[in-house]
Amino acid sequence: MFSIILKIILCSSLLITVYYLFLEKEKMYRFNRFFLLFSLAFSYLVPFISITTELPKPIDHSKLVFEESTQQALNLSLKQENFNWATVIWIVYGSITLAFLIKALISMFQLKGLKGKK
């Protein structure tokens, strides 16, 4: 999960950097708007795209040697970590998103209130 969020952040950062370097001072407002909307959608889709390639199979001319050996299985119990960082990251991400959503809704309601006044 953390890698998906990291890919989204990196892709968004790259596309916003391209915007600020090349398109910010251009007077093509409609193109800039579409570029920003496309970059937002693209950065959320990129982590879910996977490209698989088939590697050529190496030719191995080695001889197989079988040896009899005994193996011992050890039962080692590992301590399980109770603290999960992924949960903390999701809680922080969700709370920030919720705060921005609440702020946007409050701004929209304030704009509606201004519309009725002269």
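Small disclaimer: the values here were computed from a predicted structure and weren't measured.

Scoring rules and cut-offs
Within any chain, residue numbers begin from 1 and follow the written order of that chain's sequence. In keeping with the model being predicted, local features are shown solely for residues with a pLDDT of at least 70 and side-chain atom pairs are shown and tallied solely at 80 or more, while totals for entire chains, interfaces and linings include all residues. Side-chain metrics in this entry use all non-hydrogen atoms of the structure; hydrogen atoms and water are not considered. Numbering of helices and strands runs from the N terminus, with a helix taken as a DSSP run of H or I at least four residues long and a strand as a DSSP run of E at least two residues long. Burial here depends on accessible area, computed with a 1.4 Å probe over protein chains only, as a share of the maximum for the residue type. Under 20% is buried, over 50% is exposed, and the range in between is partly exposed. Computed by Shrake-Rupley with a 1.4 Å probe, the accessible areas treat only the displayed protein chains as cover when residues are assessed. UniProt positions are given in the numbering used here, feature names are shortened, and annotations may be inferred rather than shown by experiment. To form a nonpolar core, buried Ala, Val, Leu, Ile, Met, Phe, Trp, Tyr and Cys residues must be joined to one another through side-chain atoms within 4.5 Å. Residue contacts follow a heavy-atom distance rule, with two residues in contact if any of their heavy atoms lie within 4.5 Å. Polar contacts here mean pairs of N or O atoms no more than 3.5 Å apart (in protein, one a potential hydrogen donor and the other a potential acceptor; neighbouring residues in sequence count only if both atoms are side-chain atoms). Residues form patches when they are more than 30% accessible in relative terms and have no salt bridge. Like charges link within 9 Å. Nonpolar side chains (Val, Leu, Ile, Met, Phe, Trp, Tyr) link within 5 Å. Each reported salt bridge corresponds to a side-chain nitrogen of Lys or Arg within 4 Å of a carboxyl oxygen of Asp or Glu. Per residue, pLDDT measures the predictor's confidence, with a range of 0 to 100. Axes here refer to lines fitted to C-alpha atoms; in helices the fit is confined to the stretch in contact. Angles between the N-to-C directions go from 0 to 180 degrees. Note on terminology: angles under 35 degrees are roughly parallel, angles over 145 are roughly antiparallel, angles of 65 to 115 are roughly perpendicular, and the others are oblique. The crossing is said to be left-handed when, going from far helix to near helix, the turn is anticlockwise and less than a right angle, and right-handed when the turn is clockwise. When residues are sorted by character, Ala, Val, Leu, Ile, Met, Phe, Trp, Tyr, Cys and Pro go into the nonpolar class, Asp, Glu, Lys and Arg into the charged class, and all the rest, Gly among them, into the polar class.

> Could you clarify how one ought to interpret the overall build of the protein chain in this entry?
Check the secondary structure of the protein chain and you find 3 helices and 0 strands. Ordered by position in the sequence, the α and β elements of the protein chain form the string α-α-α. Counting the 118 residues in the protein chain, one finds 9% classified as buried. Total accessible area on the protein chain is roughly 12,200 Å²; 67% of this is exposed by carbon and sulfur atoms.

> Help me understand the UniProt feature "transmembrane region" (unreviewed entry) in the protein chain, please; the structure alone is not making it clear to me.
Following the UniProt record, one finds the feature "transmembrane region" (unreviewed entry) at residues 6–22, 34–53 and 85–109. Taken end to end, residues 34–53 is 60% helix and 0% strand, and its two terminal C-alpha atoms sit 32 Å from one another. Across residues 85–109 one finds 100% helix and 0% strand; the C-alpha atoms that close the span lie 36 Å apart.

> Would you mind going over the environment of Ser3 with me for this structure?
Note that Ser3 resides in helix H1 (residues 2–23). Separated by 44 residues in the primary sequence, Ser3 and Pro47 place their C-alpha atoms 8.4 Å from one another.

> What's the story with the nonpolar core in this structure? I'm lost.
Side chains of nonpolar character tend, in soluble globular proteins, to be buried together. One finds Cys11, Leu15, Tyr19, Leu23 and Phe35 forming the largest nonpolar core, which totals 5 residues. At 4 residues, H1 tops the list of elements feeding residues into this core. Filtering out sequence-adjacent residues up to four positions away, Phe35 remains in contact with Leu15, Val18, Tyr19 and Leu23.

> Honestly, the side chain of Asn32 in this entry has me stumped. Any pointers?
With respect to the helices, strands and loops of the structure, Asn32 is situated in helix H2 (residues 29–45). A distance of 3.1 Å separates the side chain of Asn32 from the backbone oxygen of Leu23, its partner in a polar contact. If near-sequence neighbours (up to four positions away) are discounted, Asn32 is found in contact with Tyr19, Leu23 and Glu26.

> Quick question: what am I supposed to make of a nonpolar patch on the surface here?
A cluster of nonpolar side chains, Leu98, Leu101, Ile102, Leu105, Ile106, Met108 and Phe109, forms an exposed patch at the surface whose accessible area comes to about 700 Å². With respect to the helices and strands, the residue Ile106 is situated in helix H3 (residues 85–116). Accessibility expressed as a relative area gives 44% for Ile106, which makes it partly exposed.

> Sorry, what's going on with the confidence of the model for the protein chain here?
Chain-level statistics for the protein chain give a pLDDT mean of 83 and a share of 79% at 70 or above. Looking over the protein chain, one finds the lowest element-wise mean pLDDT in H3, namely 88, and the highest in H2, namely 92.

> Would you explain the packing of H1 against H2 in this entry?
Working note: a packed helix pair is described by the angle between its axes plus the distance between those axes. In contact at an axis separation of 8 Å, H1 and H2 are set at 165 degrees when each is read in the N-to-C sense. When the axis of H1 is compared with that of H2, the two are roughly antiparallel. Crossing of H1 over H2 shows right-handed handedness. Between H1, through Ile8, Cys11, Ser12, Leu15, Ile16, Val18, Tyr19 and Leu23, and H2, the contact on the second element is made entirely by Phe31, Asn32, Phe35, Leu36, Ser39, Phe42, Ser43 and Tyr44. Along the lines of polarity and charge, the residues of the contact of H1 with H2 split into 12 nonpolar, 4 polar and no charged.

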